[in-house]
Amino acid sequence: MEIIAYPSSKAEKRIQAVIDRGREIKPEDYETVSAILAEVKTRGDEALIEYTRRFDAPGLTLRNLKVTQAEMQAAAKTVPSGFLSALERAVEQIESFHKRQLDNSWMTTPRPGVLLGQLLRPVEAAGIYVPGARGGTTPLVSSVLMGVIPARIAGVGHVSMVTPPTKEGKINPYLLAAAHRVGVDAVYKVGGAWAIAGLAYGTQTLRKVDVVAGPGNTYVTLAKKMVAGIVGIDMLAGPSEILVIADHSAIPEFIAADLLSQAEHDPMASAMLITDSNKIAKAVAAEVKKQVAGLHRKEVAERSLSDYGLILRVPSIPAAIELANRIAPEHLELCIQSPFEVIGRIQNAGAVFIGEFTPEPMGDYIAGPN
């Protein structure tokens, strides 16, 4: 990773490249997704099967589009007991956190004869999109838990889950075990923009939902944008990113591991370190080079780091905080001596991780917050 002094014109150019990445959508992408939505809306299951056969599972049939209860139960018996124990821990902590987020209906009588208030009601049906498991080898269990558990706590009546099948037409057993544990009502072997269309419009097999949630690739995100209004959506997620603020007290090995935890996601992911310590900057750069060599997804991480990886050396930690607020990262780590002294200055961040022993993956999987 390159170390660049900030402020400088070179730093500005690299920072802006990180901020702007993934924002431009080509006109042909709009045309492609629009055509997919129209096909699914008009032809329903027939279109879903055609797209799934073309891009994911050549042999998929309408008969096995929906995962059976037998498949769900078999998956729970296939995965290791250690995974099931970890799953229980994650579910418990995610449920505990989200129960505290529940809003309540309320009413007030500001003056005689006037009654004002708000009635909160859960939607009837929600659809959770779980991204493809990269050939079936890295199932994104966290997307199942973070999507389904809040919906259940909110009281949603029916929860559907869609996820791309492997080329053999199967769903990774870890995903199914997680879906079974959190009480998904229906799992469908379908992904991409056509899955979003199926949830938004409904088909002969997929139930129409009121809200679609969950991250995905550019086509999935664009499809969510285009059906917003027909259904509710959670957000338009961009590429994954992490920004670490560190001072002289930080542990370089930890920081490098956390940067790589996001860099290995995809080539568009961003991993940045901002520090006021030249010693830490050099140590982290060396450690990243060492650790990336042993990654299973080495090529992806190296490309991500080359395009959007960056170490910025700033004059002070206050300058680092100011820059972080400008970048507004998805994940922000404070690896500094007194993090609680600066936490109040953080304005723009998706999630904040405090201290050396709070790695970003902890938030993705088990800590509790979504």
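Residues numbered from 1 in each chain as written. Predicted model: local features only at pLDDT ≥ 70, side-chain atom pairs only at ≥ 80, totals over all residues. Heavy atoms only, no water.

Caption draft 1: Summary view of the nonpolar core. Counting residues in hydrophobic clusters, the biggest one holds 33 residues, and the most contacted among them are V144, L145, V182 and V187. Elements with a minimum of two residues in this core: α4 (69–78), α5 (81–99), β4 (125–129), α6 (141–154), β5 (158–163) and α7 (173–182). Residue contributions to this core peak at eight residues, all from α6. Setting aside its immediate chain neighbours within four residues, L145 contacts L87, A90, V91, I94, P150, A178, V182 and Y365. (Core = buried A, V, L, I, M, F, W, Y, C linked by side-chain atoms within 4.5 Å. Buried < 20%, exposed > 50% of the residue type's maximum accessible area, 1.4 Å probe, protein only. Helix = DSSP H or I, 4+ residues; strand = E, 2+ residues; numbered from the N terminus. Contact = heavy atoms within 4.5 Å.)

Caption draft 2: Representation of the packing of aromatic side chains within the structure. What the rule picks out here adds up to four aromatic pairs. Considering the side-chain rings of Y51 and W194, the 5.3 Å spacing of their centres and the 15° angle between planes classify their relative orientation as stacked. With Y51 in helix α3 (residues 45–55) and W194 in helix α8 (residues 192–201), this residue pair connects regions lying 143 residues apart in the sequence. Of the residues examined, Y51 reaches a relative accessible area of 9% and is grouped as buried. With relative accessibility at 6%, the residue W194 sits in the buried group. On the numbers, 5.2 Å between centres and 25° between planes, the contact of F55 with W194 is stacked. With F55 in helix α3 and W194 in helix α8, this residue pair connects regions lying 139 residues apart in the sequence. Ring pairing ties together the aromatic residues Y51, F55 and W194, which thus form one cluster. Sitting above the plane of the Y308 ring, R21 keeps its charged end 5.8 Å from the centroid. (Phe/Tyr/Trp six-rings, centres within 6.5 Å; stacked < 30°, edge-to-face > 60°. Lys NZ or Arg CZ within 6 Å of the ring centre and 35° of its normal.)

Caption draft 3: How the structure looks around the pairing of strand β12 (residues 331–335). Among the five residues of β12, five are classified as buried, and the element is accordingly described as predominantly covered. Residue alternation in β12 divides its side chains into two sets, H331, E333 and C335 and L332 and L334, and both sets are buried. Sheet analysis places strand β9 (residues 241–246) next to β12, joined by five bridges and oriented parallel. Of the residues in β12, the one forming a bridge with V244 is E333. One ladder, built from four bridges, connects β12 with strand β13 (residues 351–354); its direction is parallel. Bridging from a neighbouring strand, E333 pairs with F353 of β13. (Pairing = 2+ DSSP bridges.)

Caption draft 4: Highlighting the sheet that holds strand β10 (residues 270–275). Strands sit in the order β1-β11-β10-β9-β12-β13 across an open sheet of six strands; the sheet is parallel. Edge strands, defined here as strands with exactly one partner in the open sheet, are β1 (3–5) and β13. With direction set aside, neighbouring strand axes in the sheet form an average angle of 20°. Judged from the six bridges that link them, β9 and β10 form a sheet pairing that is parallel. Each residue of the ladder has a partner; that of I242, found in β10, is A271. Set on the sheet, helix α1 (residues 9–20) makes contact with β1, β10 and β11 (309–313); between it and β11 the angle comes to about 140°. (Axes fitted to C-alpha atoms, helices over the stretch in contact; angles between N-to-C directions.)

Caption draft 5: How the structure looks around helix α2 (residues 27–43). Across its 17 residues, α2 extends 24 Å between first and last C-alpha, which sits within 8% of the 24 Å expected from 1.5 Å per residue. Residues of α2 that are buried: D29, V33, I36, L37 and V40. Each buried residue of α2 lies within a common arc of 95° when the element is viewed along its axis, so the set occupies one face. Residues of α2 that are exposed and point more than 90 degrees away from the buried face comprise P27, E31 and T42. On its buried face, α2 sits against α3, α8 and α9 (218–227). Just beyond α2, the residue with positive phi is G44, at close to 60°. (Expected span 1.5 Å × (residues − 1). Arc of directions from axis to C-beta.)

Caption draft 6: View of α3. Here α3 has its buried residues at D45, A47, L48, I49, Y51 and T52. Here the buried face of α3 lies against α2, β6 (186–189) and α8.

Caption draft 7: Main features of a nonpolar patch on the surface. Side chains of M107, L115 and L119 sit close together on the surface and give an oily, nonpolar patch of about 340 Å² of accessible area. Positionally, L119 belongs in the loop between β3 (116–118) and β4. On the basis of relative accessible area, L119 is assigned to the exposed category, the value being 54%. (Patch = residues over 30% accessible without salt bridge, like charges linked within 9 Å, V, L, I, M, F, W, Y side chains within 5 Å. Areas by Shrake-Rupley, 256 points an atom, 1.4 Å probe, with all protein chains shown as cover. Salt bridge = Lys/Arg side-chain N within 4 Å of Asp/Glu carboxyl O.)

Caption draft 8: Inspection of the pattern of salt bridges at higher detail. If you walk through the whole model with that rule in mind, you get eleven salt bridges. Salt bridges sharing partners connect three or more residues here, namely E39, R43, E46 and E50.

Caption draft 9: Representation of unusual backbone geometry within the structure. For the peptide bond that leads from Y6 to P7, omega is 5°, which places it in the cis range. Along the chain, P7 falls in the loop between β1 and α1. Positive phi is not limited to glycine here, since A328 has a value of about 55°. Looking at where A328 falls in the secondary structure, it is placed in the loop between α13 (317–327) and β12.

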